[in-house]
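Structure assessment
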Number of protein chains: 2
Amino acid sequence: MRVLGIDPGLTRCGVGVVDGSLGRPLTMVDVGVIRTSASLPVAERLVTIERGLDAWIEEHRPDAVAVERVFARSDSSTIMGTAQASGIALVVAARRGLPIAMHTPSEVKAAVSGNGRADKAQVGAMVVRILRLTELPKPADAADALALAITHVWRGGAQARIDEAVAATQRAHRPVRTR
Amino acid sequence: MRVLGIDPGLTRCGVGVVDGSLGRPLTMVDVGVIRTSASLPVAERLVTIERGLDAWIEEHRPDAVAVERVFARSDSSTIMGTAQASGIALVVAARRGLPIAMHTPSEVKAAVSGNGRADKAQVGAMVVRILRLTELPKPADAADALALAITHVWRGGAQARIDEAVAATQRAHRPVRTR
């Protein structure tokens, strides 16, 4: 299973692709950051993120996408941009019919390090070990995207299938009105 | 000038199209709401909003789009969905190269009623009067979208042109890195 992890952000959107399955060693396929300049209008920055994510999916053809779940209680100066970027990530994946899972930061910490309150350094060290890297990818957004992808392989796969089955059942009974 | 006003929301995304220019009577072209069911995954709801907004733009070919500016200090239970929906609205408009303006709720109240702290009823009454309607469109999200479009015709046009010129100048000097 190949998973694209996305750590949404307007200035830096982390992306990381991991190959693997539960109980087998995981491999990092690619990692990086989509950057947009704060001097541009938000709409253009979001389009850049959309195109960047599309390009990553085109290139790596993931089987699933894992997006960090954003909460309103996070740092409020950047939270709106983060939420907007997460909306773009969800749409880019959903348009292609890719299974999507959202994981909270503490779920990621727990999955990767065994401790939902682990600090950045602990999570980073585990990402390096799990993927057998020589050093932690930078910036932190890139490393966080890899942690999300690892989390998805380890905990998300089964849950995504359940969610999808539930959603399909609900869709069959409740058509969406678009207008 | 034809303006599409968008009041972003995940459950109800208000849309209103207004024709007019500064100093001349304004006309309502169309108004409505894009609804998505809370029982669906967020990603699918956002795709529904994206497709709905695309259809509105296709049908009405606006010259500009006005989107309500969302703040983190708003009602936190729905704020993340609202921010995600606003991100979709911005991307849908920006992909088509449409000028986009964002107006805050108090800017809209001030533009439409002359009072930045006007209540819903006052703003609604002014929307009815300005567009010479027989009754206020419902739900409130639809009426709010019309108020946004009116605001854009009255205050946004000049500002949008200035913003665009500034952005174009910045673009020429600072290319966006996408990776």
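All residue numbers refer to position in the chain's written sequence, counted from 1. Chain A is the first chain written and ligand 1 is the first ligand written, with later ones labelled in order. Thresholds applied to this predicted model are a pLDDT of at least 70 for local features of residues and 80 or more for the giving and counting of side-chain atom pairs; totals over whole chains, interfaces and linings are not thresholded and use all residues. Only hydrogens and water are set aside; all other atoms, that is, all heavy atoms of the structure, feed into the side-chain values.

Here's the deal with the UniProt feature "binding site: Mg(2+) 2" (unreviewed entry) in chain A
UniProt positions are given in the numbering used here, feature names are shortened, and annotations may be inferred rather than shown by experiment. Residues annotated by UniProt as "binding site: Mg(2+) 2" (unreviewed entry) correspond here to Glu68 of chain A. Note on contacts: a residue pair is in contact if any heavy atoms of the two residues lie within 4.5 Å. Apart from the residues within four sequence positions on either side, Glu68 of chain A is in contact with Ile6, Asp7, Pro8, His103, Pro105 and Leu148 of chain A.

Some remarks on empty space enclosed by the protein
Points on a 1 Å grid over protein atoms alone make up a cavity when a 1.4 Å probe fits among them but cannot get out, and a pocket when they form an open set with protein on both sides within 12 Å along at least five of seven lines; lining residues each have an atom within 4 Å of a point. Grid points are joined across faces, edges and corners, and a volume is the space filled by probe spheres set on the points. Counted according to the given criterion, the structure contains one cavity of 30 Å³ or more. Within this model, the largest cavity holds a volume of roughly 40 Å³. Helix and strand assignments come from DSSP, with helices taken as H or I runs of at least 4 residues and strands as E runs of at least 2, each series counted from the N terminus. Secondary structure elements with two or more residues in the lining of the largest cavity: helix H2 (79–95) of chain A together with helix H2 (79–95) of chain B. Residues are grouped as follows: Ala, Val, Leu, Ile, Met, Phe, Trp, Tyr, Cys and Pro are nonpolar; Asp, Glu, Lys and Arg are charged; every other residue, Gly included, is polar. When its residues are assigned to classes, the lining of the largest cavity shows five nonpolar, no polar and four charged.

Overview of the pattern of salt bridges
The rule for a salt bridge is simple: a side-chain nitrogen of Lys or Arg has to be within 4 Å of a carboxyl oxygen of Asp or Glu. Taken as a whole and assessed by the stated rule, the structure comprises 20 salt bridges over all chains. Salt-bridge contacts for Glu58 of chain A lead to Arg61 of chain A; the nearest nitrogen and oxygen are separated by 3.1 Å.

Focus: the UniProt feature "binding site: Mg(2+) 1" (unreviewed entry) in chain A
Residues and elements named next belong to chain A. In the numbering adopted here, UniProt assigns the feature "binding site: Mg(2+) 1" (unreviewed entry) to Asp7 and Asp141. A maximum C-alpha distance of 6.1 Å places the annotated residues, which cover 135 residues in sequence, within one compact spot. For Asp7, the position within the fold is in strand E1 (residues 2–7). The classification of residues rests on relative accessible area computed with a 1.4 Å probe and restricted to protein chains. Under 20% of the type maximum is buried, over 50% is exposed, and intermediate values are partly exposed. Accessibility expressed as a relative area gives 8% for Asp7, which makes it buried. Ignoring anything within four residues of it in the chain, the contact list for Asp7 reads Arg12, Cys13, Gly14, Glu68, Asp141, Asp144, Ala145 and Leu148. For Asp141, the position within the fold is in helix H5 (residues 140–173). Sequence-distant contacts of Asp141, defined by excluding residues within four places in its chain, comprise Asp7, Arg12, Gly14 and Val33.

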